[in-house]
Amino acid sequence: MTWPPDGQGQRATMGWRPDGRDAMSTGRRLVTVVAGLVSLLLLVVSAGGWLALRYYDGKVTRVPLRFPAADRRPADPGGDTQNILLVGSDSRAGTGGEFGEVEGQRSDTTILAHLDANGSTTLASFPRDLWVTIPAYTDASGHNHTGGRSKLNAAFALGGPSLLIRTIEGLTKIRIDHYLQIDFIGFQRMTDALGGVTVCVKPLPNGSRSNLDDKMSGWHGHVGDNSLNGEQALAFVRQRYGLPEADLDRIRRQQQFIGVIFRAATSTGTLTNPVRLGSLMDAVTSAVSVDDATSLADLAPLAVRLRGVGTGGVRMTTVPTSPGQIGGQSVLVTDPGKLASFVAGLSGPPPSAASAVVLVAAAVPAPATPAVAPSAGSCTY
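Residues numbered from 1 in each chain as written. Predicted model: local features only at pLDDT ≥ 70, side-chain atom pairs only at ≥ 80, totals over all residues. Heavy atoms only, no water.

Draft legend 1. Structural detail: the overall build of the protein. Secondary structure assignment for the protein yields 11 helices and 19 strands. Looking at the protein residue by residue over its 381 residues, the buried ones come to 56%. Sequence-distant contacts, at least 24 apart, represent 76% of the contacts inside the protein between residues at least 6 apart. Accessible surface, the protein: about 15200 Å² in total, of which carbon and sulfur atoms supply 55%. (Helix = DSSP H or I, 4+ residues; strand = E, 2+ residues; numbered from the N terminus. Buried < 20%, exposed > 50% of the residue type's maximum accessible area, 1.4 Å probe, protein only. Contact = heavy atoms within 4.5 Å. Areas by Shrake-Rupley, 256 points an atom, 1.4 Å probe, with all protein chains shown as cover.)

Draft legend 2. Examining the nonpolar core more closely. Within the largest apolar cluster, 46 residues are counted, with the highest numbers of intra-cluster contacts made by Leu-194, Phe-236 and Phe-257. Among the elements that take part in this core, helix 6 (residues 247-265) stands out by supplying 7 residues, more than any other. The residues contacting Leu-194, other than those within four sequence positions of it, are Ile-261, Ala-264, Ala-265, Thr-270, Arg-276 and Leu-280. Counting residues in each nonpolar core, the second largest holds 27 residues, with Val-87, Leu-112, Leu-130 and Tyr-137 among its members. (Core = buried A, V, L, I, M, F, W, Y, C linked by side-chain atoms within 4.5 Å.)

Draft legend 3. Focus on the packing of aromatic side chains. Summed over all chains, the structure comprises 2 aromatic pairs. Consider the rings of Tyr-55 and Tyr-56, whose centres lie 4.8 Å apart with planes at 75 degrees: the pair is edge-to-face. Given a relative accessible area of 48%, Tyr-55 falls into the partly exposed group. According to the relative accessible area criterion, Tyr-56 is buried, its value standing at 10%. Aromatic side chains Trp-219 and Phe-236 sit 5.1 Å apart centroid to centroid with 65 degrees between the ring planes, which places their arrangement in the edge-to-face category. Here Trp-219 is found in strand 14 (residues 219-220), whereas its partner Phe-236 is found in helix 5 (residues 230-238), with 17 residues between them in sequence. Arg-73 extends its terminal NZ or CZ atom over the ring of Phe-67, reaching a point 4.1 Å from the ring centre. (Phe/Tyr/Trp six-rings, centres within 6.5 Å; stacked < 30°, edge-to-face > 60°. Lys NZ or Arg CZ within 6 Å of the ring centre and 35° of its normal.)

Draft legend 4. Region of the structure containing the state of the cysteines. Summed over the entire model, instances satisfying the criterion amount to 1 disulfide. In this model, Cys-200 is linked to Cys-379 through a disulfide, with the two sulfur atoms separated by 1.6 Å. Remark: Cys-379 occurs in the segment after helix 11 (353-360) and Cys-200 occurs in strand 12 (residues 197-201); sequence separation between them is 179 residues. Residue classification places Cys-200 among the buried residues on the basis of a relative accessible area of 9%. (Disulfide = S-S within 2.5 Å.)

Draft legend 5. Structural context of the environment of Gln-256. Within the fold, Gln-256 resides in helix 6. A sequence separation of 123 residues divides Gln-256 from Cys-379, and the C-alpha atoms of the two residues are 7.5 Å apart. Excluding residues within four positions of it along the chain, Gln-256 makes contact with Val-199, Cys-200, Phe-236, Ser-378, Cys-379 and Thr-380. Polar contacts involving the side chain of Gln-256 include one to the main-chain carbonyl oxygen of Cys-200, which spans 2.9 Å. (Polar contact = N/O pair within 3.5 Å; in protein donor to acceptor, adjacent residues only side chain to side chain.)

Draft legend 6. Main features of the environment of Thr-81. Tracing the chain through its elements places Thr-81 in the loop between strand 3 (61-63) and strand 4 (82-88). Discounting residues that sit within four places of it in the chain, Thr-81 has contacts with His-114, Leu-115, Asp-116, Ala-117 and Asp-177. A polar side-chain atom of Thr-81 sits 3.1 Å from the main-chain amide nitrogen of Ala-117.

Draft legend 7. Helix 5, seen in detail. With 7 of 9 residues buried, helix 5 is to be regarded as a mostly interior element. At the N-terminal end of helix 5, a side-chain oxygen is found 3.2 Å from the backbone nitrogen of Glu-231, two or three residues along, and the residue is Asn-229.

Draft legend 8. Geometry of helix 3 (residues 152-172). Helix length check: helix 3 (21 residues) gives 13 Å between terminal C-alpha atoms against 30 Å at 1.5 Å per residue, more than 12% under. Judged by how many residues are buried, helix 3 sits mostly within the fold: 20 of 21 residues are covered. (Expected span 1.5 Å × (residues − 1).)

Draft legend 9. Structural detail: the side chain of Asp-214. Checked against the element boundaries, Asp-214 lands in strand 13 (residues 213-214). For Asp-214, which is buried and forms no salt bridge, the nearest opposite charge comes from Arg-253, at a distance of 6.9 Å. Ignoring sequence-local partners within four residues, the contact set of Asp-214 consists of Trp-219, His-220, Gln-239 and Tyr-241. (Lys, Arg positive; Asp, Glu negative; His and termini not counted. Salt bridge = Lys/Arg side-chain N within 4 Å of Asp/Glu carboxyl O.)

Draft legend 10. Summary view of the packing of helix 5 against helix 6. Packing of helix 5 against helix 6 brings their axes to within 8 Å, and their N-to-C directions diverge by 140 degrees. In terms of orientation, helix 5 lies oblique with respect to helix 6. Counting all contacts with helix 5, which are made through Ala-233, Phe-236, Val-237 and Arg-238, the residues of helix 6 involved are Arg-250, Arg-253, Gln-254, Gln-256 and Phe-257. A per-class count over the contact of helix 5 with helix 6 returns 4 nonpolar, 2 polar and 3 charged. (Axes fitted to C-alpha atoms, helices over the stretch in contact; angles between N-to-C directions. Parallel < 35°, antiparallel > 145°, perpendicular 65-115°, else oblique. Nonpolar A, V, L, I, M, F, W, Y, C, P; charged D, E, K, R; others polar.)

Draft legend 11. Spatial organisation of the side chain of Arg-253. Inspection of the secondary structure puts Arg-253 in helix 6. From its side chain, Arg-253 meets the backbone oxygen of Phe-236 in a polar contact 2.9 Å long. Polar side-chain contacts of Arg-253 include one of 3.0 Å to the side chain of Gln-239. Once residues lying within four places of it in the same chain are set aside, the contact partners of Arg-253 are Asn-211, Trp-219, Phe-236, Gln-239, Leu-243, Thr-380 and Tyr-381.

Remember, this is a structural readout, not a statement about activity or role.
Listed below in structure tokens is the structure:
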């Protein structure tokens with residue numbers, strides 16, 4: 001199984017090892033996807049009803065999924081439980097080479113959104129460097145490839161959404177019901193359509209400024225509140241190098257940003273401003289891709305559940321890992337027992353009464369005051 005050409009035109013076998021030169025493909029995936037779901041939230045609970053839904057549903061791109069006939073997928077959980085795979089793509093289409101010229105697209109961070117029948121919602125992050133088993137697959141040209149062990153983001157680059165889904169299903173034994181993806185340009189346009197957002201950055205314990213200036217991602221900030229436009233926000237969530245725990249701190253940044261972006265998107269200032277609301281929806285739906293069996297209506301439960309971001313109604317967590325070295329490359333490994341406990345714990349306790357109120361009142365715009373300000377305790381490196 002071969003890895004597609006990278007930015008340097010090189011090729012490698014399964015077990016490819018991105019390093020500092022590959023930084024342009026790091027750090028901008030997870031948040032871009034979840035932020036894109038804001039449009040679904042606004043669309044379903046706040047704007048124009050079914051006519052608007054049909055209009056915007058026609059703007060999203062459909063991605064065909066292919067599974068071998070003999071493929072044994074996990075059982076359907078049934079009932080009202082849903083599992084949605086959220087993926088950010090670093091496709092450079094439409095960016096004019098701003099982020100480098102890398103063939104194809106990659107997914108360095110992936111979220112599994114688990115909507116349990118008991119009303120609990122968990123967003124579980126899977127780091128790009130997680131060492132996993134990638135199944136055998138057939139590429140778009142009809143060539144067969146054997147499976148092997150590699151980093152998680154190799155699955156998407158090698159076999160697209162279908163192989164990534166099969167990899168996650170094999171790892172977690174959870175069946176994926178829906179797939180959603182958003183790219184670079186959609187993330188930038190969405191942030192700009194909101195008029196920008198504010199994030200909070202705290203100082204590093206050792207006094208270093210490596211979390212404030214990163215030439216690889218283009219992020220330059222300061223301790224405290226930072227007001228960001230689309231370009232700056234993308235740089236903020238892309239940084240990986242210079243953070244104390246690298247990929248894991250990047251995920252924490254992205255999880256922080258999820259709450260900020262949702263508060264901004266569901267604020268009175270957005271929901272009562274037709275121009276801003278229309279720009280937001282146009283920006284996001286034009287960059288969203290879903291599997292060919294999914295419509296925006298299918299994602300309505302997720303849109304409503306995500307109103308609980310920042311109020312305790314949505315848990316954000318990350319697959320338990322420890323750093324390791326395999327074949328001379330840095331990876332993140334997970335203990336089978338800890339992984340099994342993690343997966344079992346995705347079905348959290350039913351939401352509290354306060355969180356339930358948020359869901360019941362989903363059609364009511366959120367207060368404007370905290371729209372773009374970080375919530376207490378939301379500072380991160």
